[in-house]
Amino acid sequence: MSGHEGRCVEPEDLRPMSKVTYFSGETFPLEMHKVRIIQKLTLLPVEERLRAIDEAGYNTFLLQNADVFLDMLTDSGVNAMSDRQQAAMLQADDAYAGSATFTRLHDKLREVFGKKYFLPAHQGRAAEHILSVAFVKPGMVVPMNYHFTTMKQHITALGGQVVELIPPEGVAVTSDNPFKGNVDLAHVERLIAEHGPENIAFFRMEAGTNLIGGQPFSLANLRAVSHLCRKEGVRLVLDASLLADNLHFIKNREPECADWSIAQIAAAMADCADIIYFSARKLGFGRGGGIVIDDDALYRDLRAWVPMYEGFLTYGGMSVREMEAITIGLDETLDEDMINQGPVFIAHFVNEMERRGIPVITPPGGLGAHVDAARFLDHVDQRQYPSGALAAAVYLASGVRGMERGTMSEQREPDGTEPLSHMELLRLALPRRVFTLSQVNYAVDRIHWLHANRRIVGGLRWTEEPEILRFFYGRLAPIGDWQHALVAKFREDFGPSL
Ligand SMILES: *Cc1c(COP(=O)(O)O)cnc(C)c1O
């Protein structure tokens, strides 16, 4: 066994309700909600997009949102709220201590996860901060399926070491493994034996594994990890930020769970973990986060950090309005129709690109579609940032803003050498319940056009390279003059169309 449990169902065999078969026999996503509040968008002409990306130093993080047509930068804090969430926000109970709003959220978390205590935090990384200061000591290891940026920084800043346990297949770009977020169980056993449970701060499993493309793990794999951890006395921490997508994939890809309700799957996952933390910027369609636990002693230990870093125990840095929205959002997370929309749209996005020969990460995950920039721009040297160049080119071709996830996102070594990322990706996130199918189809079409003209696109070089987090604030320039050639080709092919 090496992390392949549950591989029986082809990813295409999805059975969600938010997908229908047309008279023609083809199957298409179908929104199981209607839009009742809208925001007007602008699609600038391609010449204006060139001006905007040039002003932004060819870095999509520096674009003004007003210049963006479809913002696919992230799914964090930008998911659409429902009418029920908006209504609940009006009834929030403003109190520093003992707010009824907190009690409602706490009750909902107890119902979903079956654990007694809730420690609120202002967002996911704040929960990571508290868990890290509580458990990580210099020299300790923290095994996990795959790292997340902020958690890794907290652990390493405290002198701990992150060990990743997904098999190489988890980071392979194309695969038919429905659970690329699974860990290699033999590796888990070896690791615990090698370091000893006392040197393991905790074991972390990340649902909907973000950095490998929103890929899920199976319930069988989580249960096996939990069994090993309990046998050895290692704490198991579940990062449930991207839980909604993982719930959907377990129901649709793991035969044992096909007839379970989403609530039953969530409860079974929660039973495996000693500690659950989450970013409510993703889970629950709101903004906030926190930690859920059952153990009395653990609760008393962790509780002390909340007022110190976050705020009093009944708000933890969150606004009461957001807490009300999260309570309802968690309820909606248990509704299959509500959580299907993200993964079903992403599968459509990925499959339509794949059908047109555009290189993408497969099988489709949660979070968004991931384009393989290394293959898309295989003529661009990795030191000239193919993912960054592709992000800028996709904006030029479509007004769609994605995020570079490649070498630009790495940090230079102290001696100035530049580590090359092992994947060069352009992430196109799909915030939940935000975009319509015609908007996704538009993005596919323009990326298709760009792919047909990919040889025009060249690399980028830094004009301003900050020492830390260079991908956020750095500015770049095209190598050569490819941006003007691309705009000219766009006009030639599309005439006056935007
Ligand atoms: C976003 C995210 C976090 C951090 O949450 P924030 O609310 O952005 O601080 C942690 N883990 C995962 C898997 C995430 O996707």
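Note that the structure is a prediction, hence the values are computed from the model and not measured. Throughout this document, residue positions are counted from 1 along each chain, in the order its sequence is written. For this predicted model, a pLDDT threshold of at least 70 governs which residues receive local features, and a threshold of 80 or more governs which side-chain atom pairs are given and counted, while totals over whole chains, interfaces and linings are taken from all residues. Hydrogens are left out, water is left out, and the side-chain values use all remaining heavy atoms of the structure.

**Q** Tell me about the site of the ligand, and name the residues and values.
**A** The local shell around the ligand holds 13 residues, among which Gln-123, Arg-125, Asp-239, Ser-279 and Lys-282 are the closest. Within the side chain of Arg-125, an N or O atom sits 2.7 Å from an oxygen atom of the ligand. Reported accessibility uses the Shrake-Rupley method at a 1.4 Å probe radius. Residues are deemed covered only where the shown protein chains occlude them. Summarising the interface, the protein chains cover 99% of the accessible area of the ligand, which totals 370 Å² for the free molecule. The way it works is that DSSP assigns letters per residue, a run of H or I at least four long becomes a helix, a run of E at least two long becomes a strand, and they are numbered from the N terminus. In terms of residue count, the dominant contributor to the shell around the ligand is helix 4 (residues 124-135) (three residues). Gly counts as polar in this scheme, as do all residues outside two lists: the nonpolar Ala, Val, Leu, Ile, Met, Phe, Trp, Tyr, Cys and Pro, and the charged Asp, Glu, Lys and Arg. Its residues placed into classes, the shell around the ligand shows two nonpolar, five polar and six charged. By convention in these notes, a residue is near a molecule or strand provided one of its non-hydrogen atoms lies within 4 Å of it. Two N or O atoms form a polar contact when they lie within 3.5 Å of each other; inside protein one atom must be a possible hydrogen donor and the other a possible acceptor, and for residues adjacent in sequence the pair counts only when both atoms belong to side chains.

**Q** With reference to specific residues and values, describe the layout of surface pockets.
**A** A 1.4 Å probe that fits into a set of points on a 1 Å grid over the protein atoms alone but cannot get out defines a cavity; an open set with protein on both sides within 12 Å along at least five of seven lines defines a pocket, and lining residues are those with an atom within 4 Å of a point. Grid points are joined across faces, edges and corners, and a volume is the space filled by probe spheres set on the points. Approximately 1,200 Å³ is the volume attributed to the second largest pocket. Along the wall of the second largest pocket there are 38 residues; nearest its centre are Ile-37, Gln-39, Ala-80, Arg-433 and Val-434. Every element with two or more residues in the lining of the second largest pocket is listed here: strand 3 (70-71) and helix 2 (83-89). Among the elements that line the lining of the second largest pocket, the one with the most residues is helix 2, at three residues. Residue composition of the lining of the second largest pocket, by class: 17 nonpolar, 12 polar and nine charged.

**Q** Give me the packing of aromatic side chains: which residues, what numbers.
**A** Pairs were defined over the aromatic rings of Phe, Tyr and Trp, the Trp ring being its six-membered one, requiring ring centres within 6.5 Å. Orientation was assigned from the angle between planes: stacked under 30 degrees, edge-to-face over 60, tilted for the rest. For the structure shown, the criterion picks out 17 aromatic pairs. Ring plane angle 75° and centroid distance 6.2 Å describe the contact between Phe-135 and Phe-202, whose orientation is recorded as edge-to-face. Placement of the pair is Phe-135 in helix 4 and Phe-202 in the loop between helix 6 (185-195) and strand 7 (203-206), with a sequence separation of 67 residues. On the basis of relative accessibility, which here comes to 0%, the residue Phe-202 falls in the buried class. Grouping aromatic residues by their ring pairs yields a cluster made of Phe-61, Phe-471, Phe-472 and Tyr-473. Our definition puts a charge over a ring when NZ of Lys or CZ of Arg is within 6 Å of the ring centre and also within 35 degrees of the ring normal. The ring of Phe-285 is capped by Arg-433, whose NZ or CZ atom sits 3.7 Å from the centre of that ring. The ring of Phe-494 carries Arg-446 above its face, with NZ or CZ at 4.1 Å from the centroid. Think of it in three bands: residues with accessible area under 20% of the maximum for their type are buried, residues over 50% are exposed, and the middle band is partly exposed, with areas taken using a 1.4 Å probe on protein chains only.

**Q** Describe the confidence of the model for the chain, listing the residues and the values that go with them.
**A** The predictor attaches a confidence to each residue, and that confidence, scored 0 to 100, is pLDDT. Per-chain confidence: the chain averages 94 in pLDDT, with 97% of residues scoring 70 or above. Scored below 50 in pLDDT, residues 1-14 makes 40 contacts in the model with residues more than four places away or belonging to other chains. When checking whether two residues touch, look at their non-hydrogen atoms; a contact exists if any pair is within 4.5 Å.

**Q** Residue-level account of empty space enclosed by the protein, with values.
**A** Unfilled space is identified by rolling a water-sized probe across the atoms. Evaluated as defined, the whole model comprises three cavities of 30 Å³ or more. One number sums up the size of the largest cavity: a volume of about 50 Å³. Lining the largest cavity are Tyr-58, Asn-59, Thr-60, Phe-61, Gly-388, Ala-391, Glu-404, Met-408 and Phe-471. Partitioning the lining of the largest cavity into residue classes produces five nonpolar, three polar and one charged.

**Q** A description of the side chain of Glu-352 should follow, citing residues and the corresponding values.
**A** Along the chain, Glu-352 falls in helix 13 (residues 336-355). Given the relative accessible area of 14%, Glu-352 is considered buried. At a separation of 2.9 Å, a polar atom in the side chain of Glu-352 contacts the side chain of Arg-355.

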